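# Breakdown of the fold
Take a look at the letters that make up each chain.
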Amino acid sequence: MTTADAQVPGRKLDWLPLALVPALALAALLFITSLPTWITLTLAGLAMGMMIFMMASGLTLVFGLMDVMNFAHGVFISIGAYAAASVLVAMKGAMQAPSLAANLSAIVPALLAAIALAGFLGWFFERVVIRPVYGDHLRQILVTMGGLIVFEQLIHVVWGPDIIPLPQPATLSGSFLVGNAALERYRLLAVLVGLAIFAAMWLVLNRTRLGLLIRAGVENAEMVESLGYRIRLVFIAVFVAGSALAGLGGVMWGIYQGSVNAQMGMQVMVLLFIVLIIGGLGSVGGCFVGALLVGLATNYTGYLAPKLALGSSILLMVLVLLWRPRGLYPVGKA
Amino acid sequence: MLHTLLSGDRPRSRILAAVLVAILVGLALAPFVFPGTRSLNVAAKVAVFVLLVASYDLLLGYTGIVSFAHTMFFGIGGYGVGMAMAKLGSTWGSLALGVAAALAVSLVLALAIGLLSLRVKAIFFAMITLAVASFFQILASQLSWLTGGEDGITFKLPELLQPATRLLESPLFGVDVGGRLLAYYVVFLGSLACFLLLLRAVNSPFGRVLLSIRENEFRSEAIGYRIVTYRTVANCLAALGATVAGVLYALWLRYTGPDTTLSFSIMIDILLMVVIGGMGTMYGSVLGATIFVLAQNYLQDLMKLASGAAQGVPLLPDLLHPDRWLLWLGILFIVCVYYFPTGIVGRLRAVAR
Amino acid sequence: MPEALLSLAGVNTHIGQYHILQGVDFEVPRGGLTMLLGRNGAGKTTCLRTIMGLWKASAGTIRYDGAEIQRTPTPELARLGVAYVPENMGIFAGLTVRENLLLAARDRGLDAKRLGWLFDLFPAMQKFWNAFAGNLSGGQKQMLAIARAIVEPRKLLLIDEPTKGLAPAVIASMIEAFRELKRTESTILVVEQNFHFARSLGDSVAVMDSGRIVHTGGMDGLAADEPLQQRLLGLSLGTHQ
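Note that the structure is predicted; figures quoted are calculated from it, not measured.

Time to look at the overall build of chain B. In terms of helices and strands, chain B carries 17 helices and two strands. Along the first, second and third principal axes, the C-alpha atoms of chain B reach 65 × 55 × 50 Å. Put simply, chain B has 353 residues, and 48% of those count as buried. Here the analysis covers contacts within chain B between residues at least 6 apart in sequence; of these, 75% occur between residues at least 24 apart.

Right, dumping it as structure tokens:
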């Protein structure tokens, strides 16, 4: 019984779960007979999946490495979205200009603001909120829930209670036609960004010393310490990176939804948990596959059986758990 | 006799005892002492939430399980009553049927969830209950033909409990004795009775085993068969308690819907109440529920004054804004989790010693 | 007279409400191989873990290379030249053999000459160089765990039950490997239940019972004294499977 198939796609010998993604897409094609519609929906599903992956990857890695489930993870998502919203609202003109350069001059600072603020908040959170309750799962859940409540309220204090609209940048909105299928530019961007981030994570995890430490730490943090590494520093780095990623995901999600509100982090939490459970707690690869499956499933059922759409991810979760009770890529603890 | 009534679980602190008595008397005499629709609503809500939170304390404080599915059972109780009264007519018979059905469904679900907690880590369990509760919420809002969807179900109570009904010709101590008064006492006495039953459960040998399991679970990974049985029974009792609370709440509101019972913010409120009041004490839920509901209704007025007084100072007026009352409770909650796990009740008892 | 590399004085360790080490006193002489023996539950593993800082001693002092280390964090101890091979080997199953060793080699990377010596010691490692460590057999995993501990020269090796669960043939090759190890400058402290293994390799011995050291001395002395063995370990010279 090997745990060789754990965490990281590409290295794994277990391609079966990854095959579920095209399998689901093809199965949907049978029901959605119109090809252009299918293309649009698939792109929408992939885009949504990528954004969810961005938001969830930090959460699963933190859990796998540090054995900490941060129920307040949604806070980083919200903060990222709000930080970006502030920048974008201030630079409304640049956003609405029909030039890519102008758009980017607004978007890039917005993304940087999101990543920076979310990352900083992550550092603060790990130090002040999480550290005192390492190892105590019950208090972890309670304290992070408390953090969720408090920070959601603080967002109201700083940014006010209103929903802030977040329009798409001018050059990235709308769609272009490929044959009969309408491909939304923004969704394409989301897919590209998601793939880039996944590739970056893969490279770090598999080609760098830090990645080696993380992969080893997920299996046996104590042994990594015994080999002479201050795993605490790795913890902090991963937590901050995870929070920053969540912030980035939050921005993209906010633009996707068209607005930001203080509850958005909390609203998406259930979806994140479902993705984590499907993928296997602690597995980045599983999170990736799970997120894509959830994104696709939500969009396909949204078209085929709208009433079922909200519950489709949960049904998907149940099906996956019946097949693999610990998720698609369980991370075996040595 | 008091000893038997309280199942031997004395307050163990003069201040606590005094506060509890005050709350009990206040709730018992609410229609007479606090006249007015608003105050009666507050009193009824306190009674309902005392039961809801106490049943959650059984799960969290005594068994050591964090579950996010508690609001689901709350909702099952409410919808049981709502659907029965709306579809089957406003009779005592259909009410009984609705309540029985609700309890049965809750029991089955609680059993299923309890068995799931077999080999599953606490965190995994919490996440799954969140997903289950979320699914239930989706069902309730999507199956509008059955559940009234987002709008919920408004219904009439059996004639005896209807507000228009008059039981006595002239008012008693200035209060009209009618269906509304009766409904209030159904809620109050129902909640009180169930609370005392829960108190009995946690002070029985069963309850003591729960406490010892809670201690062991967090120290070792080994799980024996019997632990699952006890946790499942605790899960079922808690679920039934929440269901009864849901029934009572629906009876009072004459309405049931997703936002009064199933929303996640109610789950958060329950957490706040049980932790601030004191986990694992039962009386903590009485205190927690009272403080929370009073804060929800009256603290905002206080904060409005404070906010107005703080005008001109940066940030402070926003922090004291009445809509931010949850912020302060949240901070109190966090402080309790770190420093006062037994909450206010624990503090009072420590001081008394 | 060279001071002992490692010495424990009055060390107590509590795990939760359990008082496991109840005043451990012994020394590990520089350069030799000391066997820490004792029945199950005597506290041998706890002893190693306390030395390594994975569990904090509640009382007493531990001196290593002249300095007190009972409060030193584990990673720092490792960088002071202490290597630890736990009872469950602690190899990373999801990493390859190469990655396991790379991690252990820390900043300097893998030294070709050292690697060659390791391959002589443990030929299977070369064969499985790019395989996932989780795919190795029990004996091979144990070899990898030890190889990891010595991928760079270390002053002190703490090894917990290296022969646990291994077949006799594998144990024999393990003895050969350890004989090689003894030729290096490392001081080795081994927890063992297999008396044959202990007798073949140990220079000095310490016996634990109920959280205390009940006997210290040379291995030859203990090996020659059967009644003493019976009393301390409940067995005699035969190989303990």
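Take the overall build of chain A next. The secondary structure content of chain A amounts to 12 helices and four strands. Relative to a compact globule of 334 residues, whose C-alpha radius of gyration would be 20 Å, chain A shows 20 Å and is just as compact. Projected onto its principal axes, the C-alpha positions of chain A cover 60 × 50 × 35 Å. Residues counted as buried form 57% of the 334 residues belonging to chain A. Taking the contacts inside chain A whose residues are at least 6 apart along the sequence as the reference set, 78% of them involve residues at least 24 apart.

Another point: the pairing of strand β3 (residues 181-184) of chain A. Residues and elements named next belong to chain A. Two elements, strand β2 (residues 175-178) and β3, share four bridges in a ladder whose sense is antiparallel. Note on β3: the bridge partner recorded for Leu177 is Ala182. Between β2 and the antiparallel strand that follows it, β3, lie two residues; Gly179 among them carries a positive phi value of about 65°.

Another point: the pairing of strand β7 (residues 156-160) of chain C. Residue and element names in this part refer to chain C. By the criterion of burial, β7 is predominantly enclosed, with five of the five residues buried. In the sheet, strand β6 (residues 82-85) pairs with β7 via four bridges, with the strands oriented parallel. Directly across from Val82, in β7, lies its bridge partner Leu156. With helix α7 (residues 168-182) bridging β7 and the parallel strand β8 (residues 187-191), this β-α-β connection has right-handed handedness.

Residues and elements named next belong to chain C. With respect to topology, six strands assemble into an open sheet ordered β6-β7-β8-β3-β9-β10, the strand pairing being mixed. Looking along the sheet, the strands with just one partner apiece sit at the ends: β6 and β10 (212-218). Within this sheet the neighbouring strands show an average axis-to-axis angle of 15°, counted without direction.

Moving on: the interface of chain B and chain A. Counting residues at the interface gives 29 residues for chain B, matched by 28 residues for chain A. Among the secondary structure elements, those contributing two or more residues to the side of chain B that touches chain A are α7 (122-142), α13 (264-277), α15 (316-319) and α16 (325-339) of chain B. At 11 residues, α7 of chain B tops the list of elements feeding residues into the side of chain B that touches chain A. Here the side of chain B that touches chain A is composed, by residue class, of 22 nonpolar, four polar and three charged.

On to the sheet that holds strand β5 (residues 67-68) of chain C, then. All names here are of chain C. Strand order in the open sheet formed by four strands is β2-β1-β4-β5, with antiparallel pairing between adjacent strands. Every other strand in the sheet has two partners, leaving β2 (18-28) and β5 as the edge strands with one partner each. On top of the sheet, helix α1 (residues 44-51) reaches β1 (6-15), β2 and β4 (59-64); it is set at about 70° to β2, its chief contact.

Residues and elements named next belong to chain B. Where α13 meets helix α17 (residues 343-352), the closest approach of the two axes is 3 Å, and the angle between their N-to-C directions is 5°. On the basis of their axis angle, the class for α13 and α17 is roughly parallel. For the pair formed by α13 and α17, the contact residues are Val275, Ile276 and Gly277 on the first element and Gly343, Ile344 and Val345 on the second. Looking at the contact of α13 with α17, its residues break down into four nonpolar, two polar and no charged.

Moving on, we come to unusual backbone geometry. Keep in mind that most residues, glycine aside, have a negative phi and that most peptide bonds are trans. Residues and elements named next belong to chain C. Even without being glycine, Asp65 reaches a positive phi, approximately 50°. Counting through the fold element by element, Asp65 comes out in the loop between β4 and β5. We note that Arg106 has phi near 55°; this positive angle belongs to a residue other than glycine. Locating Arg106 in the fold gives a position in the loop between α3 (97-104) and α4 (112-121). What makes Arg106 partly exposed here is the crowd of 15 C-beta atoms within 10 Å.

With their axes 9 Å apart at the nearest point, helix α6 (residues 137-159) of chain A and α7 of chain B run at an angle of 40° to one another. Between α6 of chain A and α7 of chain B, the angle is such that the two are oblique. Counting all contacts with α6 of chain A, which are made through His137, Leu138 and Ile141 of chain A, the residues of α7 of chain B involved are Ala122, Ile123 and Ala126 of chain B. Per-class residue counts for the contact of α6 of chain A with α7 of chain B are five nonpolar, one polar and no charged.

So, on to helix α7 (residues 185-207) of chain A. All names here are of chain A. Its 23 residues place the ends of α7 32 Å apart at the C-alpha level, agreeing with the 33 Å of an ideal helix rising 1.5 Å per residue. Taken residue by residue, α7 has Arg187, Ala190, Val191, Gly194, Phe198, Met201 and Leu205 as its buried positions. The elements touched by buried residues of α7 are α2 (35-66), β3, α8 (209-226), α9 (231-257) and α11 (284-304).

Residue and element names in this part refer to chain B. Mapped onto the elements, Ala295 comes out in helix α14 (residues 283-309). Spatially, the C-alpha atom of Ala295 lies 31 Å from that of Ala122, the residues being 173 residues apart in sequence. When near neighbours in sequence (up to four residues on either side) are disregarded, Ala295 contacts Trp325 and Leu329.

Attention now goes to the environment of Leu328 of chain A. All names here are of chain A. Here Leu328 is to be found in the segment after α12 (309-323). The spacing of Leu328 and Ser283 is 45 residues in sequence and 8.9 Å in space, taken between C-alpha atoms. Sequence-distant contacts of Leu328, defined by excluding residues within four places in its chain, comprise Pro17, Ile278, Gly279, Gly280, Gly286, Val289, Gly290 and Val320.

The rules behind these values
- Residues numbered from 1 in each chain as written.
- Chains lettered and ligands numbered in written order.
- Predicted model: local features only at pLDDT ≥ 70, side-chain atom pairs only at ≥ 80, totals over all residues.
- Helix = DSSP H or I, 4+ residues; strand = E, 2+ residues; numbered from the N terminus.
- Buried ≥ 20, exposed ≤ 12 C-beta atoms within 10 Å, placed from the backbone.
- Contact = placed C-beta atoms within 7 Å.
- Rg over C-alpha atoms; globule rule 2.2 N^0.38 Å.
- Pairing = 2+ DSSP bridges.
- Right-handed = clockwise from strand over helix to strand, strands pointing away.
- Axes fitted to C-alpha atoms, helices over the stretch in contact; angles between N-to-C directions.
- Nonpolar A, V, L, I, M, F, W, Y, C, P; charged D, E, K, R; others polar.
- Parallel < 35°, antiparallel > 145°, perpendicular 65-115°, else oblique.
- Expected span 1.5 Å × (residues − 1).

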